[in-house]
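Structural characterization, general
Listed here are the chains, written in short residue letters.
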Amino acid sequence: MISKIDICNMALAQIGQEPIASLEQDNEAARRCHLFYDSVRQEVLRTHYWAFACGQAALAVLVDPEQTAEPYQYAYPQDCLFVRKVYEKGRGQRPVPFKEVYRQDLQARTIQCAVPQAQIEYTRDVRDESLFDPAFVKAFSLALATDLAQTLTADTALAQRILQKYTLALDEARRSNMSEEFALHQGESAFVESR
């Protein structure tokens, strides 16, 4: 099972650094891994619609147009990193226009749209490494290595080479994901036709 330290050590290996045993270790590599880990994880989660991070939720109404002159405003889910699609419950999953708005009066980030009973598909902020897809682990460790290369080695050429590897890994993950989605939809179609 993959761990946070495994991912950090994969990143460090990419840039020729010694592995670490803990993020609390008293050395620069551990401090930098600790500093960059969560922000890079979130960044890579946002770049692609990873199956393990897909979430769906019914949104909680914060502002109802029947009581105000404003459009519907819904609470932004706490674990949401990126809204992929907003749709109306019971109307299929056809996307509806929306925008994200920070409401100063509510001290909250909201999702504004024109439909009642809105639901969303979104990317969850997954923190449990045991749920990570292998393609995500590869891309994430390379993205982390890119940031670490800048700060631990000051070698911009190395950082550029790692960035290229990250871009290729991300493209490969996207292609693989599209193939899986196609196979899934083909299987669903065959199942429906056979009934």
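This text follows the structure it describes.
Scope of this entry: the structure provided in the associated data block. (Residues numbered from 1 in each chain as written. Predicted model: local features only at pLDDT ≥ 70, side-chain atom pairs only at ≥ 80, totals over all residues. Heavy atoms only, no water.)

**Quick word on the sheet that holds strand 6 (residues 108–113)**
Taken in spatial order, the four strands make up an open sheet running 2-3-6-5, and their pairing is antiparallel. Sheet topology places strand 2 (61–63) and strand 5 (98–103) at the edges, where each strand pairs with a single neighbour. With strand direction ignored, the average angle separating the axes of adjacent strands in the sheet is 40°. In the sheet, strand 3 (residues 72–75) pairs with strand 6 via four bridges, with the strands oriented antiparallel. Each residue of the ladder has a partner; that of A75, found in strand 6, is T110. (Pairing = 2+ DSSP bridges. Helix = DSSP H or I, 4+ residues; strand = E, 2+ residues; numbered from the N terminus. Axes fitted to C-alpha atoms, helices over the stretch in contact; angles between N-to-C directions.)

**Section: the nonpolar core**
Core analysis: the largest hydrophobic core is formed by 38 residues, its most contacted members being W50, F132 and L144. Elements supplying a minimum of two residues to this core: helix 1 (4–14), helix 2 (28–47), helix 3 (134–153) and helix 4 (156–194). Per element, the largest residue contribution to this core is ten residues, and it comes from helix 3. Discounting chain neighbours no more than four positions away, the residues touching F132 are I7, Y37, R41, F52, V126, V137 and F140. Within the second largest apolar cluster, 14 residues are counted, among which are Y72, V96, A118 and I120. (Core = buried A, V, L, I, M, F, W, Y, C linked by side-chain atoms within 4.5 Å. Buried < 20%, exposed > 50% of the residue type's maximum accessible area, 1.4 Å probe, protein only. Contact = heavy atoms within 4.5 Å.)

**As for the pairing of strand 5**
Sheet faces and side chains relate simply in a regular strand, where the side chains alternate between the two faces. For strand 5 and strand 6, the ladder comprises six bridges, and the chain directions are antiparallel. Within the sheet, the bridge partner assigned to V101 lies in strand 6 and is T110. Counted along the chain from strand 5 to the antiparallel partner strand 6, the turn is four residues long, and its residue Q107 has a positive phi close to 50°.

**What about the pattern of salt bridges?**
Under the definition given, this model contains twelve salt bridges. For the salt bridge of R127 with D125, the shortest nitrogen-to-oxygen distance reads 3.0 Å. The shortest N-O distance in the salt bridge between R174 and D171 comes to 3.8 Å. Separated by three residues within a single helix, R174 and D171 lie in helix 4, roughly one turn from each other. Here the salt bridges share partners, and the residues they tie into one network are D26, E28, R31 and R32. (Salt bridge = Lys/Arg side-chain N within 4 Å of Asp/Glu carboxyl O.)

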